[in-house]
Amino acid sequence: MTTGQPAVKIAADALVEVRFTVNGSPVTVTVPTRMHLADALRNSLGLTGTHLGCEHGVCGMCTVLVDGDAARSCLILAVQAEGTEVVTVEGLGTPDEQHPLQRAFSHHHALQCGFCTPGFLLSSYDLLARGGVDPDTLPAELSGVLCRCTGYRGILAAVADVARAYPDGVPAPGNCTARTIVGRGGTGGGSVAGTGSSAPSPEIDAEAARVPEAIQRPTGTPTVTVAVARELSSPVQDVWAVLNDVERLARCLPGAVLTATLGADTYRGRVAVGLGPIRLAFDGLARVTVRDVADHRLELLARGADTGGNRTTAEIVLRADPIAAGGTRLHADARVFLSGRIAQFGRALAGDVSQRLFEQFAEAVDETARSGSTPPPTAGASPLAIGAGVARAAFRRRLATLRHAVRTRFRL
Amino acid sequence: MKPVAFAYVRPTTLDDAIDELAAAAGSGKILAGGQSLLPVLAMRLSRPGTLVDINAVAGLDGIDRAQETLRIGATVTQRQAERDRVAAAVPLLGLALPFVGHRELRSRGTVCGSLAHADPGAELPAVASCLGATLEIAGPTGRRSVPAADFFAGAMTTTVGPDEIVVAVNFPVAAAGEGFGFAEIARRHGDFALAGVVSRVRSAQGQVLDATITGFGVSDRPVTRDVTGLVASAAEKTDSEAALRAGTDDLAREVVNTVGDGHGSRAYRRRLFAVLAARELARALRRSRAGQS
Ligand SMILES: Cc1cc2nc3c(=O)[nH]c(=O)nc-3n(C[C@H](O)[C@H](O)[C@H](O)COP(=O)(O)OP(=O)(O)OC[C@H]3O[C@@H](n4cnc5c(N)ncnc54)[C@H](O)[C@@H]3O)c2cc1C
Ligand code: FES
Ligand code: FES
């Protein structure tokens, strides 16, 4: 098929800007000519659901959909993706609303280590997309992806189930709405059209390029949803007074520093997060979108990026309700969107960090409301402390999972 | 594994593509589906200076039927050919394509790229050879037409020059009374064949007019033989497959000259060829007589 792509000539040592669509979001990556699509997805866009096994077309781990058809992303140059629509496993379903194939794989124990699963999901999606599949042909049709764990029976059973349930074709990928944020900045990085900034060229000052220019309401499924409710001893007017004063509010947020007030209820600032060996400092913008005095409700949009290509956007709702005995219940609800390498830590760890951050924030708000004073900029727990707490919680959870896995594996 | 750095050019006209190959002065490589080329680059078995991506070249993406010929352009993927109703006019393509690698490879790999790559174990060169397809080749000095018999020159070697491009392949469409067969034995579905056969028999009023067999994976290129006499005499027997089998043993000794490898010795591949050839000639004969192609 003539691709309709524009003519280009790129020298061996040059970088090329490539624009295409991934899971419904337009993206731009800046890559060397020899980089394959899988590396662009993983390294430039942080979409590490696409796995790499052999990198020469044999194992099928890297299978994605390109313009609707399953293809090996290790056998497509990133530069060849110009203008195409790519769907990766991240686009297939959401954690809360999985694609029927994902549910069937789970139901039939069609995975053990899970390394082959993204490849199998997209290969089988491609097979079943148009319906009319003869179940007897499944072993041959699914031979393009290898699995070293399961012995294939669970996989075949899962795909056969879905084939039966959807004889006229399986539902389309469920997580392909245009998203506000994907990608990493800097050389070899990616960005999303519609955010107003294209991929920064290597010459552009990294600092200037990474601080977001504008904030948009994020769409799609958040990486983490936080809902914290805390009972505070201070009366609701005092708590609201803190919430309503961005300067004091910012100081209650652990690791946060307000650096500029830009007008139109928009602020520039920096939030430091520490997690074990990880140190992240996000520079970004926050805008107050709702100040509901009667309801004691404050809504904010925040967006930040760090030098390592990590990005976050959050929608935050803070509400103070009066409770008996003159106290206040402070609700903090947040939808947090992460991309870049931090997204790899998975929902659990990111969720822990956010949850802990808001809990400490609530305590600091209470303290500030009680004392009536403005806390010093370093108030609240140090980022390190958050990290240690979360890491401990995560370690305990991992240990529990491991124990459980060992027990089930060996029937202890 | 990562390829060494290369320049990448994506022309949009055939003339520009030919110019780019000429400019690369022997260090250029055409990138079609990339399903054979990219693994070779990844393993650093090849270090071309420039890749000339032909996928955006206008006019190479057609599947066209003109009278008794089906013309498939250079950028038509194997999967497009598999799905296309026009391509059904060449039933052997429908029989062979599902065995070319896997679905995920066929969605990028091209029909012409497979012919140009000329792997001895590949299916499509054997189909082209059995049917007497013709390749259209364009280069700095103009166009030429080459029959499949003169195109394959050895393992992964063809008579296409380094500054030439295969722009299309022309397959003859199935004639009335023509029947076909295809079979291969591979270690796994989607692998290159240890041995395979493509068969064609044409008959009218029960008389065998001509018959051809092509073996692949048995030599350094597809091997095609006229077996009209053998099939005509077997057609008179009640068990024509058994009758054919006697003849295909002799044929196997002549055409199977691969030295073999750890996956199958020469003797084993001879046996595969002999059995498959008899079976698929018998099938082609049945189909030809039943008017089923
Ligand atoms: C795991 C795996 C299994 C496979 N199994 C099989 C199999 O069972 N059977 C099979 O037949 N193939 C198989 N293949 C190969 C696959 O079918 C390729 O698609 C095919 O061999 C080459 O087609 P392509 O379009 O991808 O060509 P490319 O990889 O782009 O090119 C291959 C070679 O041909 C040249 N070339 C391509 N197009 C042209 C042209 N128009 N003019 C001149 N030169 C050209 C290129 O320069 C290059 O040297 C397999 C590949 C893999 C990775
Ligand atoms: S990593 Fe692409 S096929 Fe193995
Ligand atoms: S589940 Fe481990 S490789 Fe398939």
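Here the structure is shown first, and the text comes after it.
Residues numbered from 1 in each chain as written. Chains lettered and ligands numbered in written order. Predicted model: local features only at pLDDT ≥ 70, side-chain atom pairs only at ≥ 80, totals over all residues. Heavy atoms only, no water.

Chemist: Please explain the interface of chain B and chain A as it appears in this structure.
Modeler: Note on interface size: it is often stated as the accessible area lost on association of the parts. In this complex, chain B contributes 43 residues to the contact, which on the side of chain A involves 41 residues. The contact between chain B and chain A buries some 3,400 Å² in all, and 48% of this surface belongs to carbon and sulfur atoms. Of all residues in chain B, Arg-10, Arg-103 and Glu-104 of chain B bury the most surface against chain A, accounting for 22% of the area lost on that side. Note that Asp-126 of chain A and Arg-79 of chain B form a salt bridge whose closest N and O atoms lie 2.9 Å from each other. On the surface where chain B and chain A come into contact, there are 21 residue pairs in polar contact (both at pLDDT 80 or more). Breaking the side of chain B that touches chain A down by element, the ones donating at least two residues are β1 (7-10), α2 (37-42), β3 (50-53), α3 (78-83) and α5 (103-106) of chain B. With four residues, the top contributor of residues to the side of chain B that touches chain A is β1 of chain B. When its residues are assigned to classes, the side of chain B that touches chain A shows 21 nonpolar, 11 polar and 11 charged. Note: strand β1 (residues 8-10) of chain A against β1 of chain B, three bridges, orientation antiparallel. Within β1 of chain B, the residue paired with Val-8 of chain A across the bridge is Arg-10 of chain B. (Contact = heavy atoms within 4.5 Å. Buried area = accessible area lost by both parts, 1.4 Å probe. Salt bridge = Lys/Arg side-chain N within 4 Å of Asp/Glu carboxyl O. Polar contact = N/O pair within 3.5 Å; in protein donor to acceptor, adjacent residues only side chain to side chain. Helix = DSSP H or I, 4+ residues; strand = E, 2+ residues; numbered from the N terminus. Nonpolar A, V, L, I, M, F, W, Y, C, P; charged D, E, K, R; others polar. Pairing = 2+ DSSP bridges.)

Chemist: Even after reading the chapter, I still don't get the site of ligand 1, so can you show me in this structure?
Modeler: Taken together, 31 residues sit near ligand 1, with Ile-30, Gly-34, Ser-36, Leu-37 and Thr-110 of chain B positioned nearest. Mapping the residues near ligand 1 onto chains gives chains A and B. Contact between ligand 1 and Lys-29 of chain B: an oxygen atom at 3.3 Å from a side-chain N or O atom of the residue. Burial of ligand 1 by the protein amounts to 93% of the accessible area it has alone, namely 960 Å². Of all the secondary-structure elements, those providing two or more residues to the shell around ligand 1 are β2 (28-31), α6 (111-117) and β10 (165-172) of chain B. The dominant element in the shell around ligand 1, judged by the number of residues it contributes, is α6 of chain B, at four residues. Grouping the constituent residues of the shell around ligand 1 by class yields 15 nonpolar, 13 polar and three charged. (Near = heavy atom within 4 Å. Areas by Shrake-Rupley, 256 points an atom, 1.4 Å probe, with all protein chains shown as cover.)

Chemist: Please explain the pairing of strand β4 (residues 63-66) of chain B as it appears in this structure.
Modeler: On a regular strand, one side chain projects to one face of the sheet and the next to the other, so that they alternate. Two elements, β4 of chain B and strand β5 (residues 69-73) of chain B, share four bridges in a ladder whose sense is antiparallel. Within β5 of chain B, the position partnered with Asp-64 of chain B by the bridge is Arg-71 of chain B.

Chemist: Honestly, the sheet that holds β1 of chain A in this entry has me stumped. Any pointers?
Modeler: Whenever strands of a sheet pair, they do so through backbone hydrogen bonds, lying parallel or antiparallel. Pairing is mixed across the open sheet formed by four strands, whose spatial order is β1(A)-β1(B)-β3(B)-β2(B). A strand with exactly one partner marks an edge of an open sheet, and here the two such strands are β1 of chain A together with β2 of chain B. Adjacent strand axes in the sheet meet at a mean angle of 20°, parallel and antiparallel pairs treated alike. When β2 of chain B meets β3 of chain B, the two strands line up parallel, connected through four bridges. Paired with Ile-30 of chain B across the strands is Val-52 of chain B, a residue of β3 of chain B. (Axes fitted to C-alpha atoms, helices over the stretch in contact; angles between N-to-C directions.)

Chemist: Even after reading the chapter, I still don't get the packing of helix α9 (residues 228-235) of chain B against helix α10 (residues 240-255) of chain B, so can you show me in this structure?
Modeler: Packed helices, taken two at a time, are described by the angle between their axes plus the distance between the axes. All names here are of chain B. Orientation of α9 relative to α10, taken along the N-to-C sense of each, is 150°, at an axis distance of 8 Å. Relative to α10, the element α9 is oriented roughly antiparallel. The element α9 and its partner α10 pack so that their crossing is right-handed. Residue-level contacts link Leu-230, Val-231 and Ala-234 of α9 to Ser-240, Ala-243, Leu-244, Gly-247 and Thr-248 of α10. (Parallel < 35°, antiparallel > 145°, perpendicular 65-115°, else oblique. Left-handed = near helix turned anticlockwise from the far one by under 90°.)

Chemist: Which parts of the structure should I look at to understand unusual backbone geometry?
Modeler: Excluding glycine, residues mostly have negative phi values, and the peptide bonds linking residues are mostly trans. The backbone of Asp-265 of chain A sits at a positive phi, close to 55°, despite the residue not being glycine. Here Asp-265 of chain A lies in the loop between β9 (256-263) and β10 (266-275). The exposure class assigned to Asp-265 of chain A is partly exposed, which follows from its relative accessible area of 24%. Phi angles above zero are rare outside glycine, and Ala-118 of chain B is one such case at about 55°. Counting through the fold element by element, Ala-118 of chain B comes out in the loop between α6 and α7 (123-131). Taking relative accessible area as the criterion, Ala-118 of chain B reaches 2% and is therefore assigned buried. (Buried < 20%, exposed > 50% of the residue type's maximum accessible area, 1.4 Å probe, protein only.)

Chemist: Is there a simple way to think about the pattern of salt bridges in this case?
Modeler: Pairing is possible between side chains that carry opposite charge, provided their charged atoms lie close to one another. Applying the stated criterion across every chain yields a total of 37 salt bridges over all chains. We note a salt bridge from Asp-126 of chain A to Arg-103 of chain B, for which the minimum N-O separation is 2.4 Å. Placement of the pair is Asp-126 of chain A in helix α4 (residues 117-128) and Arg-103 of chain B in helix α5, with the two residues belonging to separate chains. Pair check on accessibility: Asp-126 of chain A and Arg-103 of chain B agree, each one buried. Between Arg-297 of chain A and Asp-295 of chain A there is a salt bridge; the shortest N-O distance is 2.9 Å. Given the relative accessible area of 33%, Asp-295 of chain A is considered partly exposed. Through salt bridges with shared partners, a single network forms among Asp-69, Asp-126, Arg-130 and Glu-141 of chain A together with Arg-79, Arg-83 and Arg-103 of chain B.

Chemist: Would you take a moment to explain the nonpolar core for this structure?
Modeler: For soluble globular proteins, the rule of thumb is that nonpolar side chains tend to be buried together. Formed by 53 residues in total, the largest nonpolar core has its most connected members in Ile-72, Leu-93, Val-169 and Phe-171 of chain B. With six residues, α7 of chain B is the single largest residue contributor to this core. Not counting residues up to four positions away in its chain, the partners in contact with Ile-72 of chain B are Gly-62, Ile-63, Ala-81, Leu-93, Val-111, Cys-112, Val-167, Ala-168, Val-169 and Phe-171 of chain B. With 36 residues, the next largest nonpolar core counts Ile-10, Met-35, Leu-37 and Leu-45 of chain A among its residues. (Core = buried A, V, L, I, M, F, W, Y, C linked by side-chain atoms within 4.5 Å.)

Chemist: Would you mind going over the packing of α10 of chain B against helix α11 (residues 266-290) of chain B with me for this structure?
Modeler: Residue and element names in this part refer to chain B. For the pair α10 and α11, the least separation of the axes is 8 Å and the interaxial angle reads 135°. What the angle tells us is that α10 and α11 run oblique. The two elements α10 and α11 meet at a crossing, and its hand is right-handed. The residues of α11 that touch α10, namely those facing Ser-240, Glu-241, Leu-244, Arg-245, Thr-248, Asp-249, Leu-251, Ala-252, Arg-253 and Val-255, are Arg-270, Arg-271, Phe-273, Ala-274, Val-275, Ala-277, Ala-278, Arg-279, Leu-281, Ala-282 and Leu-285.

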